[in-house]
Each structure stands twice: as structure tokens, then as C-alpha cells.
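# Understanding the architecture of this molecule
Here is what each chain is made of, one letter per residue.
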Amino acid sequence: MKSKQILNTMKIKLLFFGALTDVIGAQEQMIDMDDNLDITYLNLDMLARYPSLSNFKYKIALNKIVVNKDQKLKDGDEVAFLPPFAGG
Amino acid sequence: MTKKTHTVLVQGPVTPVFISDSIAKHSGKTEIGAHAIFLGQVRKDNKENNNVINIEYSAYNEMAENAFHEIREAAFLKYPMVCMHIYHSLGLVKAGEISLFVFVSCKHREKSFEALQYIVDEIKANVPIWKKENYEDGVYKWI
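Now for a description of the structure that goes with this document. (Residues numbered from 1 in each chain as written. Chains lettered and ligands numbered in written order. Predicted model: local features only at pLDDT ≥ 70, side-chain atom pairs only at ≥ 80, totals over all residues. Heavy atoms only, no water.)

This brings us to unusual backbone geometry. Residues other than glycine seldom take positive phi values, yet N63 of chain A does so here, at roughly 50 degrees. Tracing the backbone through its elements, the reader meets N63 of chain A in the loop between β3 (59-62) and β4 (65-66). (Helix = DSSP H or I, 4+ residues; strand = E, 2+ residues; numbered from the N terminus.)

Structure below.
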């Protein structure tokens, strides 16, 4: 029987708002990440893929709640990148 | 006091007709002695000889509705309001049109002014809404 490597990955939905939609070129992305990674890792990965993201201020929401970056991710999570709010 | 969840986000401008209808709907609530109303209007800003023609509002809808709900709950705990309504635009709103309507009703005026200021400040600070200013020459700027 052929041996099979078991890679546990999680599907994460990313959402971008305001000026960040122009930086990323999309409002939404689905990504695969290895299990057990946190938002800090995701954020660094995004900064590596989109260096100009570092010019922007933003908070990160996990499943619609603003969280700290040490928050661990799990399969099916929704992570949103939120520039400063400007309602009104 | 828990009030039912209201939908706050509306497509396009808040019209003067909608605002006057909202006022009219309160004529039966005769315990009210003071309405305080805030209307946010899209300003025709001029930057480098270029005028704003409209603002395009976008939101993280579900999170925004949650934030509006929390503001509502906190305001009812903090102030003796008889009722309160918030409407905020999504999509295009032209310069001169209304994009935010906050309507606070109390027995007396003092608390209605305080509650109104509190609610508008909370909306500005805590609701995930963004605006894209579109200018006459076709350029735009995210706010």
C-alpha cells in the first residue's frame, strides 16, 4: 500500500475592506494554511505577498470580532482586515 | 433593557420623505417630549481644485449590524430613551444627500441631546464602515 503523508490544512476565508481592497485587488480570498497557525503568521504571510500592506493601518477581526494577533486559527474561520472605520 | 434588533444599513441615501415619515410615526407615542435628530450629509469637499461628487459607503455588513446593536443596547442602558432609530447608507450617496440618520426620543430634551451625541460618536468610532470619495475628475480617495 502506498504510504500517504497526512497534512492537516485549514481553509480560511479572508475579507478586505476600504483601501485594502485596492492593495489586495480583491474583497475576498480563500487560502489554505497548515493547522495550528495563528493570526500573526497569517499577517506576516500577507505582508510578504503584498508588501504595500505595510503602509496601511488596520485591525484584524476573527469571525467578526476584533482580536489580538496571537489568536490561533481553525478550519472555516473568517479573517477580516479592517482599516480605520469611517462611518457617518 | 433589551430592544429588538433593527436593520440599520440602507441602500442609497436616507431621503427627507423617509425622515419626515419617521417623525410622523411617533405622534402616537405621547409620552415623548423631545426628539433629537442627527443628519449626516455628504459634504462637497474641495481638494486640489477637485470637488467630491459622491461617496460610496461599504461595510462589513454583519459585523456592522452587530456593532449598531451593541451601541443601541448600551445607549438604552445609559440614557432614559423612549425609542431610538439609526439608519446608515450603503452604496452611492451624492453630495448634499443624507447618509446617516440618528433619531432619539426622550421625555425631556437634556437627555435626548446627550444620548444623540453619545450614539453618533459611538457610530463613528466602532462601526466597520468605510467611504470612498469620488471626485469630479474621476479620481477617488478612500477615507
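Here we come to the pattern of salt bridges. Summed over all chains, the structure comprises 11 salt bridges over all chains. Here K13 of chain A makes a salt bridge to E28 of chain A, at a shortest N to O gap of 4.0 Å. One end of the pair, K13 of chain A, is in strand β1 (residues 9-16); the other, E28 of chain A, is in strand β2 (residues 28-34), with 15 residues separating them in the sequence. Judged by relative accessible area, K13 of chain A falls into the partly exposed class, the value being 27%. With relative accessibility at 45%, the residue E28 of chain A sits in the partly exposed group. A salt bridge links K74 of chain A to D77 of chain A; the nearest nitrogen and oxygen atoms lie 3.0 Å apart. Among the charged side chains, a salt-bridge network with shared partners connects K13, E28, K64 and E78 of chain A together with E62 of chain B. (Salt bridge = Lys/Arg side-chain N within 4 Å of Asp/Glu carboxyl O. Buried < 20%, exposed > 50% of the residue type's maximum accessible area, 1.4 Å probe, protein only.)

Moving on: the pairing of strand β4 (residues 50-59) of chain B. Residues and elements named next belong to chain B. The buried fraction of β4 amounts to 7 of the 10 residues, a majority that puts the element mostly inside the structure. With 2 bridges joining them, strand β3 (residues 46-47) and β4 adopt antiparallel strand pairing. Bridging from a neighbouring strand, K47 pairs with N50 of β4. Between β3 and β4, which follow one another and run antiparallel, lie 2 residues, and E48 among them has a positive phi close to 50 degrees. Where β4 and strand β7 (residues 129-135) come together, 7 bridges link them in antiparallel fashion. In the strand pairing of β7, Y57 is matched with K131. Bridge count between β4 and strand β5 (residues 81-94): 4 bridges; the pairing is antiparallel. When the bridges of β5 are listed, E56 appears paired with L92. (Pairing = 2+ DSSP bridges.)

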